[in-house]
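# Geometric and topological summary
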Amino acid sequence: MTHRWNLAPPQPLLAGQLANQLRISPLLAQCLLNRGLVDASLMSGFLQPRLKQLSDPFLLPNMELAVDRLFRALNSKEPLVIFGDYDVDGVTSTALLLEFLRALGWRVEYYLPHRRDEGYGLSHEAVENCLRKFPVKLLLAVDCGSTSVKSIAWLRAQGVDAIVLDHHQVSAPAPDAVALVNPRVGRAAADATASRAASTESQRATDGQELCSVGLAFKLAHAVLKRGRANSLPVAADYDLRPLLDLVALGTIADIVPLKAENRILVSAGLERLNTTQRPGLMALKRVAGAPARLGTYEVGFQLAPRLNAAGRLETAEAALQLLMARDQATALPLAQALDVQNRERQKIERGIVEEVLGTVQAKFKPDTDLVIVEGHLAWHIGVVGIVASRVLQKFYRPTIIVGGDGVQWRGSGRSIEGFDLADALGECGDLLVRHGGHAMAAGLSLEPAKLESFRLRLNEVAARFLKPAELQPTLALDAEVGLEEMTLPSLMHLEKLKPMGQGNPSLRFCARNLAHQRPLQRLGADKQHVKMWVTDGAMTHEAVWWGAGNYSLPVGRFDLAFTPEANEYRGQRSLQLKTLDWRAAPS
């Protein structure tokens, strides 16, 4: 797949001034400018994230109402149930709030829905089952509930108050919860006042708009702790929230939310906790995953998170939650091992469906008219359709929705590309769907199988109004054009001040011009799918590796190379390596 190279506009004068002010390299200053940080103060805060920079949790919409209702429950010794979700964000949110609220004196139970039997989120069936098991008058829904108008109306009719703590799209009308703590609730008002100068506090409040649910759970815990200390709640005085940050980092990285603003602060602090955690469940999880001693966002996202997700994808997330709450290794290790087995089963199911879907789409794909890919089959497991959608999107670069069988209704997940808000698009197809929700880049839905084709046609009509032809080719955003002499291990260590990297703060991507092969390239791997090259500009040579090059055409003659610089360790030696992203012929 060819990319459109999008080189960030170089700003040498401004980058040089800021570099002098902050005592950083001009290249690092340029990378910070590329990430929207336009002055020394913003850059300094980004490079040195601190927990004290977090905004007041009570700035979040309806946080005051949520805390009021929770303290009413505490004061009257009223029990409550946390209704969670089955992905990593939902499970870590549930674990965090269980640990925190129980420690401060609340009587708390939890309920996790079964993906296949009860469906996604605060479904009516799941809510009824929850109350049958825990007949309470207060339900705290985490990572779900923002579109559950009917279920929350039913709860109110039963005399049950609902607090919703969520970051997904909010329906119109919004559910009639006692408190809907969702950063999206305040966006319309924020947009209306965008032209007016914002105060520092109101500006910082917008930082919470990209928090996922475990980040919101931490903010709720912070708000409750502040109220508890103000009310002289005995346990609150000495309670330390910071040990909960390992869960926050895990859920935030797994949910692929932008790692900037408050998320960057929470993940930076959380990774430090995660690397030294004494939580038995996480220690066991790291062990079975074969994780390195030092974890970064990659290891969390691709080694720990998939194993925690596996349980909820195939059945129920109960084992994942029990692992996070385990009190000793004797309990934790068997749970972690079972999740590892489930993850391998998930991978096998996923591979089979991916092969089937790719074959089906490849046989009929028309690039000019197929703007959105929608495929469904009764036999496809609903627990892995989201991952399958991601794989199909990577192959064809189209918004993709994959739907699996689930009785009289099929359920599915979608992934999108830049320029196409999937949640909004599903809203325009609401009459064809039973349920839908999510956000711009990922969403879920359920529908009747007979309406699948009508849904595909409608969604493509919506896409035709919004997607431009150029947006159907993936863009490769590049931070700067560099010379090979600029790429050294010391310079790489300096650039790593940008960590943690992820969504919203991508890995460094550079390009070097007019290179050639210093010696013949070499095929690697059992299937010879990878390629090692030695590229030179005539003065400097670097080793470059192209993972998954497969049958793609390889650089010949003089060429430009797009790459990410990485440190490679082999037999105790550390060297710089260029991870190849793309290449193109150098202009003659």
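Figured I'd write up the structure that's included with this text. These figures come from a predicted structure and were not determined experimentally.

Attention shifts here to the pairing of strand S2 (residues 80-83). On a regular strand, one side chain projects to one face of the sheet and the next to the other, so that they alternate. By the alternation rule, side chains of S2 split into Leu-80 and Ile-82 and Val-81 and Phe-83, which are all buried. Where S2 and strand S3 (residues 108-111) come together, 4 bridges link them in parallel fashion. Counted as the bridge partner of Ile-82 is Tyr-110 from S3. Between S2 and its parallel partner S3, the chain crosses via helix H5 (residues 88-103), and the hand of that crossover is right-handed. Note: S2 against strand S4 (residues 138-142), 3 bridges, orientation parallel. The residue bridging Ile-82 from the neighbouring strand is Leu-140, located in S4.

Moving on, we get to the sheet that holds S3. Within the open sheet, the 5 strands sit side by side as S3-S2-S4-S5-S6. Their pairing is parallel. Of all strands in the sheet, those bounded by a partner on one side alone are S3 and strand S6 (179-181). Within this sheet the neighbouring strands show an average axis-to-axis angle of 20°, counted without direction. Judged from the 3 bridges that link them, strand S5 (residues 161-165) and S6 form a sheet pairing that is parallel. From the neighbouring strand, Ile-163 faces S6, where its bridge partner is Ala-179. Relative to the sheet, helix H4 (residues 63-75) contacts S2, S4, S5 and S6, its axis offset from that of S5 by approximately 135°.

What follows concerns helix H1 (residues 12-22). Among all positions in H1, only Ala-15, Leu-18 and Ala-19 are buried. All buried residues of H1 fall inside an arc of 105° around its axis, so they share one side. Pointing more than 90 degrees away from the buried face of H1 are the exposed residues Leu-13, Gln-17, Asn-20 and Gln-21. Packed against the buried residues of H1 are helix H2 (26-34) and helix H3 (40-47). Among the residues trailing H1, Arg-23 stands out with phi positive, at a value near 60°.

Further remarks concern the packing of H2 against H3. In the contact formed by H2 and H3, the axes pass within 11 Å of each other and the chain directions differ by 95°. The orientation of H2 with respect to H3, classified from their angle, is roughly perpendicular. Facing Ala-29, Leu-32 and Leu-33 of H2, the residues of H3 in contact are Met-43, Phe-46 and Leu-47.

In this section: the nonpolar core. Among the nonpolar cores identified, the biggest contains 82 residues, and Leu-96, Leu-97, Phe-100, Trp-106 and Leu-220 are the most heavily contacted of them. In this structure, Trp-106 is in contact with Leu-70, Phe-71, Ala-73, Leu-74, Leu-80, Leu-101 and Val-224, ignoring residues within four places of it in sequence. If you look at the next biggest cluster of nonpolar residues, it comprises 40 residues, including Leu-32, Leu-33, Met-533 and Phe-563.

Reading guide: rules and limits
Residues numbered from 1 in each chain as written. Predicted model: local features only at pLDDT ≥ 70, side-chain atom pairs only at ≥ 80, totals over all residues. Heavy atoms only, no water. Buried < 20%, exposed > 50% of the residue type's maximum accessible area, 1.4 Å probe, protein only. Helix = DSSP H or I, 4+ residues; strand = E, 2+ residues; numbered from the N terminus. Pairing = 2+ DSSP bridges. Right-handed = clockwise from strand over helix to strand, strands pointing away. Axes fitted to C-alpha atoms, helices over the stretch in contact; angles between N-to-C directions. Contact = heavy atoms within 4.5 Å. Arc of directions from axis to C-beta. Parallel < 35°, antiparallel > 145°, perpendicular 65-115°, else oblique. Core = buried A, V, L, I, M, F, W, Y, C linked by side-chain atoms within 4.5 Å.

These figures capture arrangement, not role.
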